[in-house]
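These are the residues of each chain, in order.
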Amino acid sequence: MENFTCTICATDLTTESIQIEKMNEIDVAFIICHECENRFNLMFDNKKTKNIKNKIKKIKEIENYLQLVLYREMLIVEDDYYKQAYDDLPQEEKDLIGGYQSNVDKQKIKEYNKIIKEKRFNFKDLLELL
Ligand SMILES: [Zn+2]
């Protein structure tokens, strides 16, 4: 949420002054104008909306996880491409170059592996989203 302007007195209100009030099973996020004391209700939540919000959050985490898996695989494919290009060279050129030198950032792959391992999602995580 961004900054909010009081529609009564045009005072700029910051989201820092948002308060939450519980009414029965409903959470109401509201803001009170410090100038004219008008109250503005901004958002209403119940168990259902909170549940959906949590699912959306989870989906974003899964997307982020897949993004990392993709970046890692792209580095591996890149290395594969250059390795094959090297293998296709005539023998004299290979002798000149010496062995194949990988340019892939191994440290980066290690970092990806670590995060991917920590985050690992499973089928159950997906089922819970439905
Ligand atoms: Zn106001």
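About the criteria used
Residues numbered from 1 in each chain as written. Predicted model: local features only at pLDDT ≥ 70, side-chain atom pairs only at ≥ 80, totals over all residues. Helix = DSSP H or I, 4+ residues; strand = E, 2+ residues; numbered from the N terminus. Expected span 1.5 Å × (residues − 1). Buried ≥ 20, exposed ≤ 12 C-beta atoms within 10 Å, placed from the backbone. Domains from an automatic or database assignment. Pairing = 2+ DSSP bridges. Axes fitted to C-alpha atoms, helices over the stretch in contact; angles between N-to-C directions.

### Section: helix α1 (residues 47-87)
Then, number 1: Here α1 is 41 residues long and its end C-alpha atoms lie 60 Å apart, about the 60 Å a rise of 1.5 Å per residue gives.
Then, number 2: Counting buried residues along α1, only zero of its 41 residues qualify, which leaves the element largely exposed.

### Overview of the domain arrangement of the protein
Then, number 1: When the domains of the protein are assigned, the result is domain 1 (4-45) and domain 2 (49-127).
Then, number 2: One C-alpha centre belongs to domain 1, the other to domain 2; they are set 45 Å apart.

### Section: the sheet that holds strand β4 (residues 26-32)
Then, number 1: Across the sheet, which stays open at both edges, the three strands sit in the order β3-β4-β5 with antiparallel pairing between neighbours. Each of the sheet's edge strands pairs with one partner strand only, and the pair in question is β3 (19-23) and β5 (39-45). Across the sheet, the axes of successive neighbouring strands diverge by a mean angle of 30°, strand direction being ignored.

### Focus on the environment of asparagine 64
Then, number 1: Examined against the element boundaries, asparagine 64 turns out to sit in helix α1.
Then, number 2: Sequence separation between asparagine 64 and isoleucine 116 is 52 residues, and the spatial gap between their C-alpha atoms is 9.9 Å.

### A few points about the environment of glutamate 111
Then, number 1: With respect to the helices and strands, the residue glutamate 111 is situated in helix α3 (residues 106-119).
Then, number 2: Take glutamate 111: there are 13 C-beta atoms within 10 Å of it, and that puts it in the partly exposed class.
Then, number 3: Sequence separation between glutamate 111 and arginine 72 is 39 residues, and the spatial gap between their C-alpha atoms is 9.3 Å.

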